[in-house]
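Examination of the molecular architecture
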Amino acid sequence: MAQSLLDSMPGACTGTVSVTDHLNFWGGKRVKPRQESDAEPVFEPATGRVLCQMYPCGAEEVDEAIKNAYEAYLIWRKKAGMERARVMLEAARIIRERREKIAKLEVINNGKSITEALVDIDIAWQCIEYYAGMAGTLAGQHIQLPGGAFAYTRREPLGVCVGIGAWNYPFQIAAWKSAPALACGNAMVFKPSPMTPVTAVILAEIYKEAGVPDGLFCVVQGGAQTGTLLCHHPMVAKVSFTGSVPTGKKVMEMSSKTVKQVTLELGGKSPLIIFKDCDLENAIRGALMANFLTQGEVCCNGTRVFVQREILPQFLEEVVKRTKAIRVGDPLQDDTQMGALISKPHLEKVLGFVEQAKKEGAKVLCGGESFVPSDPKLQNGYYMSPCVLDNCRDDMTCVKEEIFGPVMSVMPFDTEKEVIKRANNTTFGLASGVFTRDISRAHRVAENLEAGTCFINNYNISPVEVPFGGYKNSGFGRENGQVTIEYYSQLKSVIVEMGDVESIF
Ligand SMILES: NC(=O)c1ccc[n+]([C@@H]2O[C@H](COP(=O)([O-])OP(=O)(O)OC[C@H]3O[C@@H](n4cnc5c(N)ncnc54)[C@H](O)[C@@H]3O)[C@@H](O)[C@H]2O)c1
Ligand SMILES: C[N+](C)(C)CCCC=O
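Quick caveat, the model's predicted, so the values are computed rather than measured.

1. Comments concerning the site of ligand 2
Close to ligand 2 lie Asn168, Tyr169, Gln172, Trp176, Val298, Cys299, Cys300, Asn460 and Ser462, which account for all nearby residues. Measuring from an oxygen atom of ligand 2, one finds a side-chain N or O atom of Asn168 at 2.9 Å. For ligand 2, the accessible surface in isolation is 300 Å², of which the surrounding protein chains cover 94%. Its residues assigned to classes, the shell around ligand 2 shows five nonpolar, four polar and no charged. If you count residues domain by domain, the shell around ligand 2 takes at least three from each of domain 1 (7-266 + 470-491) and domain 2 (271-456).

As structure tokens, then:
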């Protein structure tokens, strides 16, 4: 059934696809929703058409999926790491083979450009391939103790892990969470955002095809209620959450009731600092990459752009020229650079931030308006023109709050000390960036910025080998990189006596 959906992708155009397949997945197959009464429409952002219905899972379905995942976990955890690796490598291969079709479906559900979606799918299979490579390397330590006694540690899986995703990188988030989880021998029940329910289930089918036991990667659909059921379920060992700070706090609180481990990948308001000694051309490219990928709906975007006063005029002139030239439109067209925002309410929220910024004294240098493409089929889509704001101050709403749209706020600064203080003056701490040719300054600034990532002379690249995650309210735990193995496994110490027991009794 699902294969037919992917098979229809090559010829599919914007405005032509409807998804009727079931979107839940456990027991090795798509599962019909038990309740069809609370359906929520899912929209195609590019056209505003209804793409499909999302039927939230209730308590019985969540319980069934978790129990099914637990059965699969009992089988999977006993497999050698090399065996798990082979299955995961096969899953990565299948994704690579179907990348165009999956990317197309992602575009239709999310609204981002096909150019970007292809990169997202590539990052997804790379992540699975990377953790497949690590599955066979998991090992403990041998510790010598007095009298011939010794101890060793075993790195063991946690059990059933829950993944809860945001809507901006639907397939990639599912891969970033499931790949390390599965490599360590866990099972995962994944809940995508109710706005992007379509592609996580494709990943489930691919894992199944690659040879994971039925139930190892399950998908349950739903919003806050379904998420709450997952976070409270006693058989869940860990919740890895990607989403906003307020929801992340709730997830942490709910998970604490049954002492589940938690990873929180939350929002950001990241600083990008551009010194006058930078390569200006690269800094401008970096600023655009830091603000306008996925219509600005990126957690780690560098939306507070601090530019050293001497180069501010040249920077603004060039950034505005290039922002105005960004081609907004049909996300399935190869030459489109920016697609549609996720939903009408979200578009209105982002436009509201621009209005508020104007009221607070910011100057709109370009964009910041809703945009109606000339193609009639796109006229009800959720488009806006990318925006550059000048005259921004640190106390403005647009500088303090995560907008999650294509809005860049630019501010001048004079000294390194001053800009570091201002950059750190936020409750967020996801990412940061610095452009300078001074190597000492670059590393000094990186050391002093309170953020989980600092890009030097680039922005928003995401090699899967490098850990990704936040400081402060942007969360804790990491995705990607070797360290994430520690967030999906636990250590057992086995202590072995070789002599007699010395008892004080
Ligand atoms: N740090 C990261 O890696 C990262 C990546 C992508 C997005 N984000 C952040 O995500 C936010 C945008 O995504 P969003 O609007 O989907 O966020 P959101 O917090 O509204 O929702 C995220 C997920 O949580 C679920 N959810 C909502 N209420 C819940 C509850 N009470 N219990 C359990 N689950 C619940 C949603 O259904 C969704 O699946 C932004 O703040 C963005 O910065 C962070
Ligand atoms: C792949 N990027 C661009 C680093 C985004 C990671 C996920 C954040 O929203």
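2. Overview of the sheet that holds strand β6 (residues 150-157)
Ordered in space as β5-β6-β20, the three strands form an open sheet in which the pairing is antiparallel. Strand pairing shows two members of the sheet lacking a second neighbour, β5 (142-144) and β20 (489-496), which therefore form its edges. Direction aside, the axes of adjacent strands within the sheet are offset by 20° on average.

3. Some thoughts on the sheet that holds strand β18 (residues 455-456)
With mixed pairing, seven strands are arranged side by side in an open sheet as β14-β15-β16-β13-β12-β17-β18. Taken across any chain shown, the strands that pair with only one partner, and hence form the sheet edges, are β14 (363-366) and β18. The pairing of strand β17 (residues 433-435) with β18 spans two bridges and is parallel. Bridging from a neighbouring strand, Val434 pairs with Ile456 of β18. Contacts from helix α14 (residues 416-423) reach β12 (271-274), β13 (304-308) and β16 (407-413) within the one sheet, and its direction differs from that of β16 by about 145°.

4. Re the pairing of strand β3 (residues 40-43)
Judged from the four bridges that link them, β3 and strand β4 (residues 50-54) form a sheet pairing that is antiparallel. Within β4, the residue paired with Pro41 across the bridge is Gln53. If you look at the hairpin formed by β3 and β4, you'll find six residues sitting between the two strands, and Gly48 has a positive phi there, around 80°.

5. A look at the site of ligand 1
For ligand 1, the set of nearby residues contains 28 residues, the closest of which are Gly165, Ser244, Thr247, Leu266 and Glu402. Within the backbone of Gly243, an N or O atom sits 3.3 Å from an oxygen atom of ligand 1. Within the side chain of Thr247, an N or O atom sits 2.8 Å from an oxygen atom of ligand 1. Isolated, ligand 1 exposes 840 Å² of accessible area, and the fraction of that covered by the protein chains is 88%. Among the elements of the structure, α8 (224-232), β10 (236-242) and α9 (245-256) are those that each provide at least two residues to the shell around ligand 1. Both of domain 1 (7-266 + 470-491) and domain 2 (271-456) provide at least three residues apiece to the shell around ligand 1.

6. Points about the pattern of salt bridges
Tallied over the entire structure, the rule returns 36 salt bridges. A salt bridge links Glu156 to Lys492; its shortest N-O distance comes to 3.2 Å. Within this pair, whereas Glu156 is found in strand β6, its partner Lys492 is found in strand β20, the two being separated by 336 residues in sequence. A relative accessible area of 9% means that Glu156 is categorised as buried. A residue is classified by how much of its surface remains accessible, and Lys492, at 40% relative accessible area, is partly exposed. Put simply, Asp414 and Arg309 hold a salt bridge, and the shortest N to O gap is 3.0 Å. Of this pair, Asp414 sits in the loop between β16 and α14 while Arg309 is found in the loop between β13 and α11 (312-324), placing the two residues 105 residues apart along the sequence.

7. Things to note about the UniProt feature "domain: Aldehyde dehydrogenase" (unreviewed entry) in the protein chain
Those residues carrying the UniProt feature "domain: Aldehyde dehydrogenase" (unreviewed entry) are residues 37-494 in this numbering. This span, residues 37-494, is 40% helix and 18% strand, and a straight line between its end C-alpha atoms measures 52 Å.

8. Let's talk about the environment of Lys177
Inspection of the secondary structure assignment puts Lys177 in helix α6 (residues 170-183). Residue class for Lys177 comes out buried when judged on its relative accessible area of 0%. In the structure, Lys177 is positioned 302 residues away from Glu479 in sequence and 7.2 Å away in space, judged by C-alpha atoms. When sequence neighbours within four positions are dropped, the list of residues in contact with Lys177 reads Gly163, Ile164, Met188, Phe190, Ser240, Phe241, Thr242, Glu265, Glu479 and Tyr488. Within polar-contact distance, the side chain of Lys177 engages the side chain of Glu479 at 2.8 Å.

9. Focus: the nonpolar core
Val189, Ile274 and Phe315 are the most contacted members of the largest nonpolar core, which totals 138 residues. Here this core takes 14 residues from helix α5 (residues 114-135), the largest share from any one element. Both domains that furnish three or more residues to this core are identified here as domain 1 (7-266 + 470-491) and domain 2 (271-456). One finds Cys387, Val407, Ala423 and Val445 within the second-largest nonpolar core, a separate group that totals 29 residues.

10. Side note on the domain arrangement of the protein chain
If you check the domain split of the protein chain, you get domain 1 (7-266 + 470-491) and domain 2 (271-456). Between the C-alpha centres of domain 1 and domain 2 there is a distance of 30 Å. With 34 residues of domain 1 at the contact, the number on the domain 2 side is 36 residues. Taken together, the two surfaces of domain 1 and domain 2 that pack against each other cover about 2,600 Å², and 58% of this comes from carbon and sulfur.

Conventions we followed
- Residues numbered from 1 in each chain as written.
- Chains lettered and ligands numbered in written order.
- Predicted model: local features only at pLDDT ≥ 70, side-chain atom pairs only at ≥ 80, totals over all residues.
- Heavy atoms only, no water.
- Near = heavy atom within 4 Å.
- Polar contact = N/O pair within 3.5 Å; in protein donor to acceptor, adjacent residues only side chain to side chain.
- Areas by Shrake-Rupley, 256 points an atom, 1.4 Å probe, with all protein chains shown as cover.
- Nonpolar A, V, L, I, M, F, W, Y, C, P; charged D, E, K, R; others polar.
- Domains from an automatic or database assignment.
- Pairing = 2+ DSSP bridges.
- Helix = DSSP H or I, 4+ residues; strand = E, 2+ residues; numbered from the N terminus.
- Axes fitted to C-alpha atoms, helices over the stretch in contact; angles between N-to-C directions.
- Contact = heavy atoms within 4.5 Å.
- Salt bridge = Lys/Arg side-chain N within 4 Å of Asp/Glu carboxyl O.
- Buried < 20%, exposed > 50% of the residue type's maximum accessible area, 1.4 Å probe, protein only.
- UniProt positions renumbered as here; feature names shortened; annotations may be inferred.
- Core = buried A, V, L, I, M, F, W, Y, C linked by side-chain atoms within 4.5 Å.
- Buried area = accessible area lost by both parts, 1.4 Å probe.

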